[in-house]
Amino acid sequence: MATVAVTDANFEEEVLKSDVPVIVDFWADWCGPCKMIAPHLEAISEELGDQVKIAKMDVDSNQQTPQALRVMSMPTLIAFKDGQPVAQKVGAGSKADLSSWISSAL
């Protein structure tokens, strides 16, 4: 499963009502570390397939959801399970770091 783009408008449907756990990557175009982890998240998404949904939210275009979740730094990853945030990671990491964090969050 490839990563999916989420917006303020479809966040509830795509993330909160998802049948599978969701990792949301809050990113911005101007954020270098965000661009560094993007290929890692794509690869992890392919590896995990239907076990998890990896969603990306551009914080410049969608400000309501990041504000509500108190996202202050980019990149911020939040794991959601059954519509609830269960884990959060701020900052970039290697693919191994991200895989390990996602596994522990699920």
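Residues numbered from 1 in each chain as written. Predicted model: local features only at pLDDT ≥ 70, side-chain atom pairs only at ≥ 80, totals over all residues. Heavy atoms only, no water.

### A few points about the sheet that holds strand β5 (residues 84-90)
Remark on secondary structure: sheet strands pair via backbone hydrogen bonds, oriented parallel or antiparallel. Selection criterion: Paired strands are those between which DSSP finds at least two bridges. Helix and strand labels come from DSSP, where a helix needs a run of H or I of at least four residues and a strand needs a run of E of at least two; each type is numbered from the N terminus. Whether two residues are in contact is decided by their heavy atoms, any of which lying within 4.5 Å being enough. Axis definition: a line fitted to C-alpha atoms, limited for helices to the stretch in contact. Angles are taken between N-to-C directions and run from 0 to 180 degrees.
On the basis of which strands lie adjacent, the open sheet formed by 5 strands has the order β1-β3-β2-β4-β5 and mixed pairing. On the outer flanks of this sheet lie β1 (4-5) and β5, each paired with one strand and no other. When β1 meets strand β3 (residues 53-58), the two strands line up parallel, connected through 2 bridges. Directly across from V4, in β3, lies its bridge partner A55. Here helix α2 (residues 32-48) sits on the sheet in contact with β2 (22-27), β3 and β4 (76-81), set at roughly 155° to β3. Sheet contacts for helix α4 (residues 95-105): β2, β3, β4 and β5; angle to β5, the most-contacted strand, approximately 160°.

### Section: the pattern of salt bridges
Filter applied, for reference: The working definition used for a salt bridge is a side-chain nitrogen of Lys or Arg within 4 Å of a carboxyl oxygen of Asp or Glu. Burial classification: accessible surface area is computed with a 1.4 Å probe over protein chains only, and a residue below 20% of its type maximum counts as buried, one above 50% as exposed, and the rest as partly exposed.
Inspection of every chain in the model, using the stated rule, returns 4 salt bridges. Between K17 and E12 there is a salt bridge, with the nearest N and O atoms lying 3.7 Å from each other. Residue K56 pairs with D25 through a salt bridge whose shortest N-O separation is 2.8 Å. Remark: D25 occurs in strand β2 and K56 occurs in strand β3; sequence separation between them is 31 residues. Pair check on accessibility: K56 and D25 agree, each one buried.

### Comments concerning the pairing of β4
In terms of burial, β4 is largely enclosed, as 5 of its 6 residues are buried. The pairing of β2 with β4 spans 5 bridges and is classified as antiparallel. Across the sheet, residue V22 finds its bridge partner in β4, namely F80. Linking β4 to β5, which pair antiparallel, is a turn of 2 residues; within it D82 sits at a positive phi near 55°.

Keep in mind that these numbers describe shape and distance, not what the molecule does.
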